[in-house]
Amino acid sequence: MRKIGGYAALMAMFAAPALANDTMAELRTGGLAYVRTGDISMAEEKLFVSQAEVRVDYIFENTSDKDVESVVAFPMPDIKGDIDSMVDAGNVDSDNFLGFTVTQDGKAITPTLQQRVTVAGVDMTDELKAHGIPLLPLSKAAMDAVATLPVDVLEDWTARGLIADDEYDGDGQGMKHHPTPMWTLHTTYWWRTKFPAKARIAVEHRYKPSVGGTVAITFAGEEDYQKQQLQAYRSKYCLDDAFLKTAVKLAAVADKGGRSYTESWISYVLTTGANWSGPIKHFELTVDKGSPENYISFCGSDVKKTGPTTFQMTARDFYPEHDLDILILAAAPVN
């Protein structure tokens with residue numbers, strides 16, 4: 001493990017695919033952002049990342065002699081409608097599709113939900129609301145609602161890129177047409193927070209990450225696509241020769257009918273920590289690979305194994321310059 005570009009990047013949970021049908025992409029999520037002021041610094045950030053949960057515990061410090069009020073926000077990843085969506089978007093039938101929760105000094109906060117819809121950068125939110133269409137494009141409710149729109153509206157929305165016509169064979173009953181949402185949903189949770197003068201506050205938030213995946217190891221072989229994957233992975237996940245040798249062995253065993261391994265990814269927008277005044281005074285990152293049988297590769301500085309499945313790095317005066325990507329080779333269950 002080595003330091004890359006002055007940042008610690010993690011690579012751990014389900015990686016990229018060889019074939020589109022074998023892949024589930026991940027959404028990039030991150031931490032809190034706020035209206036920047038020179039008076040508020042991040043005294044501590046403890047970040048925990050696993051396939052099941054992301055936990056972030058912050059301690060913020062107001063270094064001034066006056067109270068500071070600010071808006072704090074958690075930008076959710078954008079959700080884009082697609083005829084053949086292959087993205088892990090969590091619970092797409094809920095506005096809070098990643099299960100985001102937040103507390104301040106141990107007390108639960110109920111943030112305000114802000115949602116906007118765009119197509120090619122043009123805001124279409126009011127258009128959808130005027131017709132009573134749910135905003136989350138991958139939800140069943142949105143798909144069912146657009147199917148009931150009048151023909152003239154369907155034609156107009158198709159021309160404007162809000163929907164596309166999904167044509168498919170209707171179980172031997174001829175070709176059927178189904179209008180499919182194609183807009184992009186932008187979601188942000190936000191709330192107002194007071195930072196008392198010369199004091200610290202603790203903010204904790206949790207959510208279930210979006211996890212991408214593929215059905216096999218895609219970078220350990222002599223095919224052109226495998227060589228291309230390996231070239232990309234070497235820098236993105238800091239693959240070293242020992243890890244690659246292990247991956248080649250695992251892929252060979254799977255090809256002979258033995259136990260198979262999948263790749264997994266999680267991406268985390270670490271650079272939101274740069275919104276605060278100055279560096280993060282104490283930064284702690286813990287990654288859980290999920291099972292002792294899994295293999296993990298990631299870039300990091302002075303990373304220590306802290307348990308059967310966990311790895312940790314700490315840093316002082318940490319300034320995140322790059323985001324975080326994590327790769328794990330996950331063992332398939334034994335039948």
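Please read these numbers as outputs of a predicted model, since none were measured by experiment. (Residues numbered from 1 in each chain as written. Predicted model: local features only at pLDDT ≥ 70, side-chain atom pairs only at ≥ 80, totals over all residues. Heavy atoms only, no water.)

A word on the overall build of the chain
Looking only at helices and strands, the chain features five helices and 22 strands. A burial count over the chain gives 49% of its 335 residues as buried. For the chain, contacts bridging at least 24 residues in sequence account for 79% of all contacts bridging at least 6. Only carbon and sulfur atoms are counted for the fraction: they give 50% of the accessible area of the chain, which is about 16000 Å². (Helix = DSSP H or I, 4+ residues; strand = E, 2+ residues; numbered from the N terminus. Buried < 20%, exposed > 50% of the residue type's maximum accessible area, 1.4 Å probe, protein only. Contact = heavy atoms within 4.5 Å. Areas by Shrake-Rupley, 256 points an atom, 1.4 Å probe, with all protein chains shown as cover.)

Considering the pairing of strand E15 (residues 199-207)
Pairing of strand E5 (residues 54-62) with E15, which is carried by nine bridges, proceeds in the antiparallel orientation. Within E15, the position partnered with phenylalanine 60 by the bridge is isoleucine 201. (Pairing = 2+ DSSP bridges.)

A short note on the sheet that holds strand E18 (residues 280-288)
In space, the eight strands of this open sheet follow the order E9-E8-E15-E5-E4-E18-E21-E20, with mixed pairing throughout. Strands at the two margins of the open sheet, each flanked by one partner only, are strand E9 (107-108) and strand E20 (304-305).

Some thoughts on the packing of aromatic side chains
Evaluation of the coordinates by the stated rule reveals 12 aromatic pairs. A centroid spacing of 6.5 Å and a plane angle of 10° characterise the contact between phenylalanine 219 and phenylalanine 243, whose relative ring orientation is stacked. Of this pair, phenylalanine 219 sits in the loop between strand E16 (212-214) and helix H4 (224-236) while phenylalanine 243 is found in helix H5 (residues 241-255), placing the two residues 24 residues apart along the sequence. Of the residues examined, phenylalanine 219 reaches a relative accessible area of 1% and is grouped as buried. What links up through ring pairs into an aromatic cluster is the set Phe74, Phe100, Tyr189, Trp191 and Tyr207. The ring centre of phenylalanine 48 lies 4.0 Å from the NZ or CZ of arginine 55, which sits over that ring. (Phe/Tyr/Trp six-rings, centres within 6.5 Å; stacked < 30°, edge-to-face > 60°. Lys NZ or Arg CZ within 6 Å of the ring centre and 35° of its normal.)

Digging into the nonpolar core
If you look at the biggest cluster of nonpolar residues, it comprises 65 residues, and the most contacted ones within it are Leu47, Leu128, Trp157, Trp183 and Tyr268. Setting aside chain neighbours within four positions, we find tryptophan 157 in contact with Glu127, Leu128, His131, Ile133, Val146, Leu149, Leu162 and Ile163. Within the second largest apolar cluster, 17 residues are counted, among which are Phe243, Leu250, Ala251 and Ala331. (Core = buried A, V, L, I, M, F, W, Y, C linked by side-chain atoms within 4.5 Å.)

What about unusual backbone geometry?
Located in the positive-phi region is aspartate 302, a residue other than glycine, with phi close to 55°. Mapped onto the elements of the fold, aspartate 302 is located in the loop between strand E19 (295-297) and E20. You will see that aspartate 317, though not glycine, has its phi angle at about 50°, which is positive. Tracing the backbone through its elements, the reader meets aspartate 317 in strand E21 (residues 310-318).

Here's the deal with the confidence of the model for the chain
Confidence in the prediction of the chain, expressed as mean pLDDT, is 85, and 86% of residues score 70 or more. Mean pLDDT across the elements of the chain ranges from a minimum in strand E1 (residues 23-24), with 56, to a maximum in helix H1 (residues 125-130), with 97. This model gives residues 1-21 a pLDDT under 50, and the stretch forms 103 contacts once residues within four places in sequence are excluded. (pLDDT = per-residue confidence, 0-100.)

Digging into the state of the cysteines
By the definition in use, this model includes one disulfide. Here cysteine 238 is linked by a disulfide to cysteine 299, with a sulfur-sulfur distance of 1.7 Å. With the S-S dihedral at roughly 100°, the linkage between cysteine 238 and cysteine 299 falls on the right-handed side. Of this pair, cysteine 238 sits in the loop between H4 and H5 while cysteine 299 sits in the loop between E19 and E20; the two residues are 61 residues apart in sequence, bridging distant segments of the chain. For cysteine 238, a relative accessible area of 5% corresponds to the buried category. (Disulfide = S-S within 2.5 Å.)

Quick word on the pattern of salt bridges
For the structure on display, the rule yields 12 salt bridges. Here lysine 140 makes a salt bridge to aspartate 144, at a shortest N to O gap of 2.6 Å. Of this pair, lysine 140 and aspartate 144 both sit in helix H2 (residues 140-146), four residues apart, which is roughly one turn of that helix. Among the ionic contacts, a cluster of salt bridges with common partners joins Glu127, Asp156 and Arg160. (Salt bridge = Lys/Arg side-chain N within 4 Å of Asp/Glu carboxyl O.)

Overview of the pairing of strand E8 (residues 101-104)
Residues of E8 alternate between two faces, with Val102 and Gln104 buried on one and Thr101 and Thr103 left unburied on the opposite face. Turn length for the E8-E9 hairpin, with the two strands adjacent in sequence and antiparallel, is two residues, and the turn residue aspartate 105 shows positive phi of about 50°.

A closer look at helix H3 (residues 151-160)
Think of an α-helix as 3.6 residues a turn; residues three or four steps apart then line up on the same face. Of all the residues in H3, the buried ones are Val153, Leu154 and Trp157. Within H3, the buried residues cover an arc of 100° as seen down the axis, which keeps them to one side. In H3, the exposed positions angled more than 90 degrees off the buried face are occupied by Val151, Asp152, Glu155 and Ala159. Two residues or fewer past H3, glycine 161 is found with a positive phi of approximately 85°. (Arc of directions from axis to C-beta.)

Topic: H4
With 13 residues, H4 extends 19 Å from end C-alpha to end C-alpha; this agrees with the ideal 18 Å at 1.5 Å per step. Turning to H4, its buried residues number three or more, namely Gln226, Gln229, Leu230 and Tyr233. Along the axis of H4, the buried residues cluster in a sector spanning 105°; they form a single face. Away from its buried face, by an angle of more than 90 degrees, H4 presents the exposed residues Asp224, Gln228, Gln231 and Ser235. (Expected span 1.5 Å × (residues − 1).)

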